[in-house]
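Observations on the three-dimensional arrangement
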Amino acid sequence: SQLLGRREMPSEEARRAVETIRRNARAQAVLIDDLLDMNRMVSGKLRLEMHPMDLTVAVATAIESIEPALRAKGVPLRESLPPHSAAILGDAARLQQVLWNLLTNAIKFTPAGGTIGVRLSTENGHARIEISDTGMGISPGFLPYIFEPFRQQDASTTRRHGGVGLGLSIVKELVELHGGSVDAFSGGEGAGTRVVVSLPMPPDSVMAPD
């Protein structure tokens, strides 16, 4: 920024410098939001705005939001969404946060040429979202700790991909505040990852308008 201020950089270098500043500012904003959310959760001050919503629409919207990142990375996404609605009671903004976090994680840790899958199904009174990838996977020793705050599989992962290990812990807290559960599965390093979110679907009478 000091070099830009003195106007001593060639135009192409200046463009790259501005983009670097923007990218780091976005990353810092995400980090601050995560820290604030974690603080609210720890202090019991996080409140959800629960309303009837269609999870099918929410998942489709989340997929649409990450399409530019998929194209930039060269990673195709295969989706399987039901033709019918998946009605739940939920905080739409917070569930979008959950979906965005899981999908961007899948993109982050999947190399070009890999694939990502998103499947939404309903069964036994629950909506089930499954996000899978063919990326770097999770070692068996680290898998039990994947949702703990400030945990990273190794220091090199933090340096390559950024973040401090709060995203998945926030996902777990938000899903559990909705009365649901989240689990991660992996065959080991290099074998990809599968994350499954399960959310309760209330009886039809609960979803009926006043």
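Residues numbered from 1 in each chain as written. Predicted model: local features only at pLDDT ≥ 70, side-chain atom pairs only at ≥ 80, totals over all residues. Heavy atoms only, no water.

Re the pairing of strand β4 (residues 116–123)
Here four bridges tie strand β2 (residues 77–80) to β4, and the two strands are oriented parallel to one another. Bridging from a neighbouring strand, E79 pairs with V118 of β4. Note: β4 against strand β5 (residues 126–133), eight bridges, orientation antiparallel. For I116, the partnering residue across the bridge sits in β5 and is D133. Hairpin connection between β4 and β5: a loop of two residues separates the two successive antiparallel strands, and N124 in this loop has a positive phi of roughly 50 degrees. (Pairing = 2+ DSSP bridges. Helix = DSSP H or I, 4+ residues; strand = E, 2+ residues; numbered from the N terminus.)

A short note on the packing of aromatic side chains
We describe a pair of aromatic rings using the distance from one ring centre to the other and the angle between the two ring planes. A full pass over the atoms with the stated rule returns zero aromatic pairs. A cation over an aromatic ring shows up here: R194 above the ring of F185, its NZ or CZ 4.5 Å from the ring centre. (Phe/Tyr/Trp six-rings, centres within 6.5 Å; stacked < 30°, edge-to-face > 60°. Lys NZ or Arg CZ within 6 Å of the ring centre and 35° of its normal.)

Remarks on the sheet that holds β4
Here we have five strands laid out as an open sheet, ordered β2-β4-β5-β7-β6, and mixed in their pairing. Only two strands of the sheet have a single partner each, and these edge strands are β2 and β6 (181–186). Within the sheet, the average angular offset between the axes of one strand and its neighbour, ignoring direction, is 15 degrees. Direction of pairing for β6 relative to strand β7 (residues 193–200): antiparallel, over a ladder of six bridges. Residue pairing across strands places V182 opposite V197, the latter belonging to β7. Sitting on the sheet, helix α3 (residues 55–65) is in contact with β2, β4, β5 and β7, with an inclination near 175 degrees to β4. (Axes fitted to C-alpha atoms, helices over the stretch in contact; angles between N-to-C directions. Contact = heavy atoms within 4.5 Å.)

Observations concerning the environment of H178
Within the fold, H178 resides in the loop between α7 (167–177) and β6. On the accessibility criterion, H178 (7% relative accessible area) is buried. Taking the C-alpha atoms as reference points, H178 and M50, separated by 128 residues in sequence, lie 8.7 Å from one another. Excluding anything up to four places from it in sequence, H178 contacts L48, M50, L89, G90, D91, R94, L95, L199 and P200. (Buried < 20%, exposed > 50% of the residue type's maximum accessible area, 1.4 Å probe, protein only.)

Some points on the side chain of N101
Within the fold, N101 resides in helix α5 (residues 92–108). Judged by its relative accessible area of 12%, N101 falls in the buried class. Those residues in contact with N101 that lie beyond four places of it in its chain are G167, L168 and V171.

Some thoughts on the confidence of the model for the protein
In the predicted model, the protein carries a mean pLDDT of 82, and 74% of its residues have values of at least 70. When the criterion is pLDDT under 50, residues 155–164 qualifies, and its contacts beyond four places in sequence or with other chains add up to 17 contacts. (pLDDT = per-residue confidence, 0-100.)

Examining the packing of α5 against α7
The axes of two packed helices give the description: the angle between them and the distance between them. For the pair α5 and α7, the least separation of the axes is 10 Å and the interaxial angle reads 145 degrees. Between α5 and α7 lies a crossing whose hand is left-handed. Contacts between α5 and α7 pair R94, Q97, V98, N101, L102 and N105 from the former with G167, L168, I170, V171, L174 and V175 from the latter. Considered class by class, the residues forming the contact of α5 with α7 number seven nonpolar, four polar and one charged. (Left-handed = near helix turned anticlockwise from the far one by under 90°. Nonpolar A, V, L, I, M, F, W, Y, C, P; charged D, E, K, R; others polar.)

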